[in-house]
Amino acid sequence: MLALDVRNVTKNYPGFQLKDVSFQLEKGYIMGFIGANGAGKTTTIKSILNMIHVDRGEVRILGKNMDEHELELKQEIGYAFGGVDFYTRSKMKTLTDVIKRFYAKWDDAAYANYLRRFKLDENKKIAELSAGMKVKYSLALALSHGAKLLILDEPTSGLDPVSRDDLLDVFQELVVDGEISILFSTHITSDLEKCADFITFIDNGQIIRSSEKDEFIGSYRLLNGKESQLGQVKDRLISHKINSFGFTGLIHARDFDPASDIQATTPSLEEIMIYFAKREDHHG
Amino acid sequence: MVNLLVKDLKLGVNPMFLVMPLLTGALMLVPGWLYFLVLLYFCWITIPNMFAGFRTQNDLMFTSMMPVTKKDMVKARVSVIVILELLHIVVAMIFGVINTHLYPNLVYYFFAPSMGFWGLCFVMLAIFNIIFIAMFYKTAYKYGQAAFASIGAAMLFAGVAQWIGVESPYVSDIFNGTGRDDMGLQTSILAAGIVIFIVLTMIAYRMAVKRFLKVEIQ
């Protein structure tokens, strides 16, 4: 079953366009949603949550159309928006007391459990929490109302490596039972190398590719060659950089002849992102 | 809807604004003052501060994530405004009664705190609501222009009404002269004011919902 099914979502802004965004997330998995700043990650997430009106397209969550079942589906969605704060001068306790009233399946025992597990003190004000604690608080809320789909926008941005690693472990534990699915946007690609099952890559408002992580990485090759070899592959490269040793460029694996004498390696997610961004500089 | 109302009262509205009616209401004890001002303090102080609070705390986004309809979001917010307005007006009315007992022989230059006067106050708040609520929900976060226009209109109404009350012997007689003891007349002015308040606020709510449905939450 699909936890999230985004189909042909299109939205025009002056100066920016979300073009035919489509991707699917299977239930029980973590999908990393990557792209540079301004690539359209947050806009896509806001379209999923029905916060902005799309010009075209459809979003289905847990098999139901979001437009038609918004209220019912929002009961099943948990969210954490990194870097956006709400009612920071209020105590967690006060905020929770207000929030829990909105959810039919709120479970006080589960909430108390998550607070303990995440070492959160209810009497602290939101402003007193570290960035990592805030994400954990959002997760505690989401999990206590029985959210099946977690939509996390940049949850690890601004966190130190220790807290990031800690959170990633939490994410992985959550999906173990196969009930919870996570869509997780970030520009810190190393996080995804650790915990994502699927990768969806958005660039300049368009989905470049959405697939299983290893397949995603495996579909590209990073080439290192001498400048003299550049001519052999130049028109097939997604983009390249020239340095004093020669050139480095990204190519679709299908476009690359493994028999070639150019040295090819598997790129990291970060390298894929960078070379795609560079492509625009060339053409833009 | 009730949950949203609780949310606003617990998180969004500073308790200070719930006590304000007592403070501004006490201004009714100033003998012979221009009593429209008592309620205008609500428009001048409570409204801009409260809406600034909602904006700084990202209330719009916070609320949009909840399983609630946009219609209920507007309904709850309009209810908060109306509840505060009623608190202000009812407390002011009580202080108005104390006023008339404290100063039985006072000659009022401006409107005396009669029931008819409170009817005019309801009309003033009705004018404020229809402009403020309808304008605010074009964006659901920019409150400045809406506050400026609505407060201006409410003040204009109060100013003109009061000017007529001073200048026209007929109107002066209704509110401050013999008409003040005519319970039937006074109650009907109050009733008419309340009806105008309800009608204009309902229209404001409907316009706000229509506009808010088109708002994108950024």
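For every chain, the first residue of the written sequence is number 1, and numbering continues from 1 onward in sequence order. Here the convention is simple: chains get letters from A, ligands get numbers from 1, in the order in which they are written. Predicted model: local features are reported for residues with pLDDT of at least 70 only, side-chain atom pairs are reported and counted for 80 or more only, and whole-chain, interface and lining totals are derived from all residues. The side-chain quantities take in all heavy atoms of the structure and omit both hydrogens and water.

A word on the side chain of Ser168 of chain B
All names here are of chain B. To keep it simple, the criterion reads: Secondary structure elements are defined from DSSP: runs of H or I of at least 4 residues count as helices, runs of E of at least 2 residues count as strands, and each element is numbered from the N terminus. Per-residue accessibility, obtained with a 1.4 Å probe over protein chains only, is compared with the maximum for each type, and a residue is labelled buried under 20%, exposed over 50%, and partly exposed between these values. Whenever two N or O atoms come within 3.5 Å, that pair is a polar contact, provided that in protein one can donate a hydrogen and the other can accept it, and provided that, for residues adjacent in sequence, both atoms are side-chain atoms.
Positionally, Ser168 belongs in the loop between helix 7 (144-167) and helix 8 (169-175). Ser168 sits in the buried class, given a relative accessible area of 18%. A polar side-chain atom of Ser168 sits 3.0 Å from the main-chain amide nitrogen of Val171.

Looking at unusual backbone geometry
Residues and elements named next belong to chain A. You will see that Asp20, though not glycine, has its phi angle at about 45°, which is positive. Summarising the element assignment, Asp20 is placed in strand 2 (residues 16-26). On the basis of relative accessible area, Asp20 is assigned to the partly exposed category, the value being 40%. If you check the backbone angles, Glu154 has positive phi at about 50° while not being a glycine. Relative to the helices and strands, Glu154 is located in the loop between strand 7 (149-153) and helix 6 (161-175).

Focus on a positive patch on the surface
Stated formally: Candidate patch residues must exceed 30% relative accessible area and have no salt bridge, after which like charges are joined if within 9 Å and Val, Leu, Ile, Met, Phe, Trp or Tyr side chains if within 5 Å. For accessible areas, the Shrake-Rupley method is used with a probe of radius 1.4 Å. Any residue's cover is judged against the shown protein chains and nothing else. One speaks of a salt bridge when a side-chain nitrogen belonging to Lys or Arg is within 4 Å of a carboxyl oxygen belonging to Asp or Glu. His residues and chain termini do not enter the charge count, which takes Lys and Arg as positive and Asp and Glu as negative. Each charge is placed at NZ for Lys, CZ for Arg, CG for Asp and CD for Glu.
Where like charges cluster on the molecular surface, the positive patch consists of Arg89, Lys91, Lys93 and Lys125 of chain A. Mapped onto the secondary structure, Lys125 of chain A falls in the loop between helix 4 (108-117) and helix 5 (131-144).

Digging into the UniProt feature "transmembrane region" (unreviewed entry) in chain B
To be explicit about the condition: UniProt positions are given in the numbering used here, feature names are shortened, and annotations may be inferred rather than shown by experiment.
Taking the UniProt record as the reference, the feature "transmembrane region" (unreviewed entry) is found at residues 76-98, 110-134, 146-165 and 185-205 of chain B. Taken end to end, residues 146-165 of chain B comprises 100% helix and 0% strand; its first and last C-alpha atoms sit 28 Å apart.

Details of the domain arrangement of chain A
Residue and element names in this part refer to chain A. To keep things clear, this is the line we draw: Domains are outlined according to an automatic or database domain assignment. In this analysis, two residues are considered to be in contact whenever any of their non-hydrogen atoms come within 4.5 Å of each other. For any pair of parts, buried area is found by adding up, for both, the accessible area (1.4 Å probe) each one loses once the two are put together.
Taken domain by domain, chain A holds domain 1 (2-216) and domain 2 (220-283). When each unit is reduced to the centre of its C-alpha atoms, the spacing between domain 1 and domain 2 is 33 Å. With 14 residues of domain 1 at the interface, the matching set in domain 2 holds nine residues. In total, about 1,000 Å² of surface goes out of reach between domain 1 and domain 2, with carbon and sulfur atoms giving 68% of it. Linking domain 1 with domain 2 are one salt bridge. In this structure, the salt-bridge partner of Asp203 is Arg279, at a minimum N-O distance of 3.5 Å.

Examining the side chain of Lys46 of chain A
Relative to the helices and strands, Lys46 of chain A is located in helix 1 (residues 41-48). As a buried residue without a salt bridge, Lys46 of chain A has its nearest oppositely charged side chain in Asp153 of chain A, at a separation of 7.0 Å. Residue contacts for Lys46 of chain A: discarding those within four places in its chain leaves Met51 and Ile52 of chain A together with Met61, Ile217 and Gln218 of chain B.

Quick notes on the packing of aromatic side chains
Note the threshold: Here a Phe, Tyr or Trp ring, Trp counted by its six-membered ring, pairs with any other such ring whose centre lies within 6.5 Å, and the pair is stacked when the planes are under 30 degrees apart, edge-to-face when over 60, and tilted otherwise. Put simply, a charge is over a ring when the Lys NZ or the Arg CZ is close to the ring centre, within 6 Å, and near the line of the ring normal, within 35 degrees.
Counted under the stated rule, the structure contains 28 aromatic pairs over all chains. The ring centre of Tyr13 of chain A lies 5.2 Å from the NZ or CZ of Lys11 of chain A, which sits over that ring. The ring of Phe54 of chain B carries Arg77 of chain B above its face, with NZ or CZ at 3.5 Å from the centroid.

Topic: the packing of helix 4 of chain A against helix 5 of chain A
Residue and element names in this part refer to chain A. Condition: Think of each axis as a best-fit line through the C-alpha atoms, taken over the contacting stretch in the case of a helix, with angles from 0 to 180 degrees between the N-to-C directions. Any angle that is under 35 degrees is reported as roughly parallel, and any over 145 degrees as roughly antiparallel; angles of 65 to 115 degrees are reported as roughly perpendicular and all others as oblique. With the far helix as reference, a near helix turned anticlockwise by less than a right angle produces a left-handed crossing, and one turned clockwise produces a right-handed crossing.
Following both chains from N to C, one finds helix 4 and helix 5 inclined at 155°, their axes separated by 9 Å at the closest point. If you check the angle between helix 4 and helix 5, you find them roughly antiparallel. In this structure, helix 4 crosses over helix 5, and the sense of that crossing is right-handed. Facing Ala110, Tyr111 and Tyr114 of helix 4, the residues of helix 5 in contact are Tyr137, Ala140, Leu141, Leu143 and Ser144.

Description of the sheet that holds strand 14 (residues 263-265) of chain A
Residues and elements named next belong to chain A. What counts, and what does not: Only strands that DSSP links by at least two bridges are regarded as paired with each other.
Taken in spatial order, the four strands line up as 12-13-11-14 in an open sheet, and their pairing is antiparallel. Of all strands in the sheet, those with a lone pairing partner are strand 12 (237-243) and strand 14, marking the two edges. Strand after strand, the sheet turns through a mean of 20° between neighbouring axes, direction not considered. In this sheet, strand 13 (residues 246-252) lies alongside strand 12 in antiparallel orientation, the contact comprising six bridges. By the bridge assignment for strand 13, Lys241 is matched with Thr248.

Description of the pairing of strand 13 of chain A
Regular strands place side chains that alternate from one sheet face to the opposite one. All names here are of chain A. Burial analysis of strand 13 places seven of its seven residues in the buried class, which makes it a mostly covered element. Where strand 11 (residues 220-225) meets strand 13, six bridges bridge the pair, whose relative direction is antiparallel. When the sheet's bridge partners are listed, Leu223 is paired in strand 13 with Gly249. Linkage of strand 12 to strand 13, two consecutive antiparallel strands, is achieved through a turn of two residues.

Some remarks on the interface of chain B and chain A
The condition is simple: Under the convention adopted here, Pro, Cys and the residues Ala, Val, Leu, Ile, Met, Phe, Trp and Tyr are nonpolar, Asp, Glu, Lys and Arg are charged, and Gly plus all remaining residues are polar.
Every contact between the two is made by 26 residues of chain B and, on the other side, 26 residues of chain A. Interface area, chain B with chain A, both sides summed: about 2,600 Å², of which 65% is carbon and sulfur. Of all residues in chain B, Leu11, Met65 and Pro67 of chain B bury the most surface against chain A, accounting for 28% of the area lost on that side. Where chain B packs against chain A, one counts one salt bridge. Taken together, chain B and chain A are joined by 10 residue pairs in polar contact (both at pLDDT 80 or more). Tallying contributions element by element places helix 1 (residues 2-12) of chain B first for the side of chain B that touches chain A, with seven residues. Partitioning the side of chain B that touches chain A into residue classes produces 13 nonpolar, seven polar and six charged.

Considerations on the pairing of strand 9 (residues 198-203) of chain A
All names here are of chain A. Among the six residues in strand 9, six count as buried, and that is most of the element. The alternating pattern of strand 9 places Phe198, Thr200 and Ile202 on one face and Ile199, Phe201 and Asp203 on the opposite face, and all of these are buried. Where strand 3 (residues 30-34) meets strand 9, four bridges bridge the pair, whose relative direction is parallel. Residue pairing for strand 9: Ile34 is matched across the bridge by Phe201.

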